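Chain by chain, the residues:
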Amino acid sequence: MTATDLERPISPEDGLSGARERRWGLMGGLVGSLVGLGAAAVAVLIDGVSPREGGPWPSVFEEPRLLAIDVYLLAALVVGMGFSVSALLSACRGPFPRTDAYGAGLVGEMLTTLAGLIFFVRILALTAA
């Protein structure tokens, strides 16, 4: 028996679940919105950023100290990486590997991208000041 004897193509519907896709879509939208609104709330309520301040970034981003938004974004980055790891695990062992891996991977990608983008703006503000 060779390795090609064990290989077989699967149908496009194998490993998919419509109900789980809807659940992942709702969870992704909810998590992304809550993290974005939470970042804005932390910046305004804890770090003292004015919501009406103009410019490419808040002036508090130019202060060379650890801000509460930095800690919040680090937590969002870690949670996003957790979703990404769970996507890898569900791709190998989940009951609906295509749906769960895609959903968890997309949520993880959203969180890490959001946190990374705001971190990048913070670093840009520090270097431009």
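Residues numbered from 1 in each chain as written. Predicted model: local features only at pLDDT ≥ 70, side-chain atom pairs only at ≥ 80, totals over all residues. Heavy atoms only, no water.

**Student:** Describe the overall build of the chain, naming the residues involved and giving the relevant values.
**Tutor:** Across its full length, the chain carries four helices and zero strands. Counting from the amino terminus, helix and strand elements in the chain follow one another as α-α-α-α. By the compact-globule yardstick of 14 Å for 129 residues, the chain is too spread out, its C-alpha radius of gyration being 20 Å. Each of the three principal axes of the chain carries a C-alpha extent, and together these read 65 × 30 × 20 Å. Counting across all 129 residues of the chain, residues that qualify as buried make up 28%. The long-range fraction of contacts in the chain, counting pairs at least 24 apart against all pairs at least 6 apart in sequence, stands at 77%. (Helix = DSSP H or I, 4+ residues; strand = E, 2+ residues; numbered from the N terminus. Rg over C-alpha atoms; globule rule 2.2 N^0.38 Å. Buried < 20%, exposed > 50% of the residue type's maximum accessible area, 1.4 Å probe, protein only. Contact = heavy atoms within 4.5 Å.)

**Student:** Now, about the environment of M27: what can you tell me, with residues and values included?
**Tutor:** Structurally, M27 can be placed in helix α2 (residues 18-45). Sequence separation of M27 and V49 is 22 residues, and the distance between their C-alpha atoms is 29 Å.

**Student:** Give a description of the pattern of salt bridges that names residues and reports values.
**Tutor:** Following the criterion strictly, the structure yields three salt bridges and no others. Here D100 and R20 are joined by a salt bridge, their closest N and O atoms 2.7 Å apart. With D100 in helix α4 (residues 97-128) and R20 in helix α2, the pair connects residues that are 80 residues apart, well separated along the chain. Judged by relative accessible area, which is 24%, R20 ranks as partly exposed. Across the pair R122 and D70 runs a salt bridge whose closest N-O atoms are separated by 3.0 Å. Of this pair, R122 sits in helix α4 while D70 sits in helix α3 (residues 68-93), and the two are 52 residues apart along the sequence. Taken as a pair, R122 and D70 share a single burial class, namely buried. (Salt bridge = Lys/Arg side-chain N within 4 Å of Asp/Glu carboxyl O.)

Purely spatial values, then, with no claim about function.
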